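# Observations on the model geometry
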Amino acid sequence: MNKENRKVAVFACSGIGKPLGSVAREIGYELTERVRPDTTVLTCLALLVINDPDARKLIAENPVIAIDGCVLDCAKKSLEANGAKSVRAYQSIDFFKKHSHLKPEGIAELNEAGKKLAALAADELAGVVDELLEEEVKNV
Amino acid sequence: MTEFLQTTFDKFIFTVKVGYLYTEDDYWVDIRDAVATVGVTDYLQKSNGDVAFVEPVKPGKEVKRGEELGEIETIKVTLNLISPVAGKVSEVNQELETHPEFINSDPYGAGWICRIKLADPEGTKEGLLQAEAYIKIMKGKLEGEAG
Amino acid sequence: MSDKPRKVGIISCSGEAIPGGTISRVACRRVLEDLRPRQSVTICLPLFIAGGEEERMFADLFPTITVDGCEKRCAALGTERLSGKPTKTLIVTEILKERGIPPTTKLRNLGLEEKAAAQAVAEEVAAAIDEILAT
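Only a predicted model underlies this, so the values are computations on that prediction, with no experimental measurement involved.

What follows deals with the pairing of strand β9 (residues 78-82) of chain B. Residues and elements named next belong to chain B. Pairing of strand β8 (residues 68-74) with β9, which is carried by five bridges, proceeds in the antiparallel orientation. The residue bridging I72 from the neighbouring strand is L79, located in β9. Taken together, β8 and the strand that follows it, β9, pair antiparallel across an intervening segment of three residues.

Moving on, we come to the sheet that holds strand β4 (residues 27-32) of chain B. Residue and element names in this part refer to chain B. If you trace the six strands from one edge of the open sheet to the other, you get β3-β4-β5-β11-β10-β7, paired in antiparallel fashion. At either end of the open sheet lies a strand with only one pairing partner, and these are β3 (21-22) and β7 (62-63). Relative to strand β10 (residues 87-92), β7 runs antiparallel, the two sharing two bridges. By the bridge assignment, V63 is partnered in β10 with G87.

Let's shift gears to the nonpolar core. Counting 90 residues, the largest nonpolar core has A27, V67, V121 and V125 of chain C as its most contacted members. Once residues lying within four places of it in the same chain are set aside, the contact partners of V125 of chain C are I10, A27, C28, V31, I65, V67 and L90 of chain C. Residues V29, L81, V89 and L96 of chain B belong to the second largest nonpolar core, which totals 34 residues.

This next bit is on unusual backbone geometry. All names here are of chain B. At D10, a position not held by glycine, the phi torsion is positive, near 55°. When you line up the elements, D10 lands in the loop between β1 (4-9) and β2 (12-17). Residue D10 is classed as partly exposed on the basis of its 16 C-beta neighbours within 10 Å. With phi around 50°, D33 is a residue other than glycine that occupies positive phi space. Structurally, the position occupied by D33 is in the loop between β4 and β5 (35-40).

Residue and element names in this part refer to chain B. Taking strand neighbours across the sheet as the criterion, the three strands line up as β6-β8-β9 in an open arrangement whose pairing is antiparallel. Both edges of this open sheet fall to β6 (51-56) and β9, since each of them pairs with a single strand only. Each strand axis lies, on average, 20° off the axis of its neighbour in the sheet, ignoring direction.

So, about helix α4 (residues 74-82) of chain C. Residue and element names in this part refer to chain C. Looking only at α4, the buried set comprises C74, A75, A76, G78 and T79. Taken together, the buried residues of α4 touch β1 (8-12), α2 (45-49), α3 (53-61), β3 (64-68) and β4 (88-91). Looking one or two residues beyond α4, the residue adopting positive phi is G84, at roughly 120°.

Here we take up the confidence of the model for chain C. In this model, chain C carries an average pLDDT of 94, and 96% of its residues clear a pLDDT of 70 or more. Both scores are given for the predicted complex: the pTM is 0.94, the ipTM 0.94.

Counting from both sides, the interface comprises 25 residues of chain A and, opposite them, 27 residues of chain C. Only α1 (19-35) and α3 (74-81) of chain A provide two or more residues apiece to the side of chain A that touches chain C. Among the residues forming the side of chain A that touches chain C, the class breakdown is 16 nonpolar, six polar and three charged.

Right, let's get into the packing of α1 of chain A against helix α5 (residues 112-138) of chain A. Relative orientation and spacing of two packed helices are given, respectively, by the angle between their axes and the distance between those axes. Residues and elements named next belong to chain A. Running from N to C, α1 and α5 point in directions that differ by 50°, and their axes come no closer than 8 Å. Put simply, α1 runs oblique to α5. The element α1 and its partner α5 pack so that their crossing is right-handed. Of the residues in α5, those touching α1 at P19, S22, V23, E26, I27, E30, L31, R34 and V35 are G114, K115, L117, A118, A119, A121, A122, D123, L125 and A126. Per-class residue counts for the contact of α1 with α5 are 12 nonpolar, two polar and five charged.

What counts and what doesn't
- Residues numbered from 1 in each chain as written.
- Chains lettered and ligands numbered in written order.
- Predicted model: local features only at pLDDT ≥ 70, side-chain atom pairs only at ≥ 80, totals over all residues.
- Pairing = 2+ DSSP bridges.
- Helix = DSSP H or I, 4+ residues; strand = E, 2+ residues; numbered from the N terminus.
- Core = buried A, V, L, I, M, F, W, Y, C linked by C-beta atoms within 7 Å.
- Buried ≥ 20, exposed ≤ 12 C-beta atoms within 10 Å, placed from the backbone.
- Contact = placed C-beta atoms within 7 Å.
- Axes fitted to C-alpha atoms, helices over the stretch in contact; angles between N-to-C directions.
- pLDDT = per-residue confidence, 0-100.
- Nonpolar A, V, L, I, M, F, W, Y, C, P; charged D, E, K, R; others polar.
- Parallel < 35°, antiparallel > 145°, perpendicular 65-115°, else oblique.
- Left-handed = near helix turned anticlockwise from the far one by under 90°.

This is the structure in structure tokens:
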């Protein structure tokens with residue numbers, strides 16, 4: 001893949017113990033399916049645990065967005081520990097602070113407020129995707 | 001000396017700091033030189049989720065035990081903070097404005113909420129629980145939640 | 001006092017990029033919330049990997065079941081690396097094949113078919129919990 005065709009790799013923590021983990025996962029889907037489908041790729045965070053060569057190559061060669069649920073920053077930590085080239089990290093809880101009327105509930109199935117929150121977060125991250133790719137083009 | 005007592009429930013570890021005093025409704029108090037530093041326990045923060053906002057009352061406010069000390073908003077709920085002691089609020093933890101998560105990550109340290117100059121320091125201590133007594137109450141709550 | 005464990009830790013891969021990851025996640029929550037609430041605990045895989053004390057302590061002391069979305073078996077291999085061999089490993093794609101359920105295709109917004117698939121996986125997990133706690 002040459003630099004002009006680079007994509008931003010998106011990873012979500014998908015924490016299973018809190019709705020914030022589900023919000024992080026949903027933000028990943030919104031960003032890669034709706035907001036920037038042509039310039040992002042969502043990859044399983046768990047692949048890093050097994051040292052999957054494709055996943056490691058992806059994060060070594062492409063800019064990365066990590067979406068964590070909370071301040072524990074599990075996705076960010078995993079990515080950095082596995083050699084991610086550059087990680088822009090975000091937390092669902094920070095998006096909640098900006099839109100606190102949207103209280104996310106549910107883990108297996110996120111409620112409508114949680115889905116709306118994720119959609120707003122993904123809209124905000126669109127600019128980050130564009131910025132990261134512009135930097136990549138400049139560095140060619 | 002052990003710094004924390006702890007109990008485990010499922011995968012969760014609940015801690016209680018030795019040397020602090022406690023209330024049955026899950027507040028801790030550390031009294032030094034007639035000033036009480038106040039916060040919420042590990043049990044309370046774990047039960048209510050990630051803290052997003054903290055709004056304590058302003059310094060200078062007189063409070064009685066049981067009166068409102070402010071609000072915490074978490075992902076799950078908005079909690080009214082209830083003062084465990086009587087006195088005058090002398091200081092609030094400004095760090096919580098930008099780092100409300102301190103209440104989750106370090107409830108007995110960086111997550112302190114406010115300081116209160118006590119009206120009656122010795123009388124205040126009599127109404128509060130030692131760590132060993134509080135942890136028994138906490139365990140009872142956990143067992144009750146398990147059903 | 002009995003030495004028999006009374007709880008089992010369930011570790012879902014929650015793989016975001018594969019339909020089986022979503023099925024695994026939904027199934028594990030179904031087990032925790034409905035099928036075996038008193039006998040199960042979910043262990044958050046990313047937190048487990050990142051060094052979460054509670055997750056690691058539980059996995060060290062109690063039996064574990066990993067539920068992977070695909071044959072890469074990230075949850076099973078990760079658990080083995082960090083804590084020891086899981087007591088039981090399950091793979092969503094294999095469970096669905098054995099039960100004659102077509103593979104799912106959605107990553108989110110699950111419909112009736114996907115929810116039925118998740119229920120089937122949840123029942124397998126519940127049965128595995130029963131087996132572990134009976135021995």
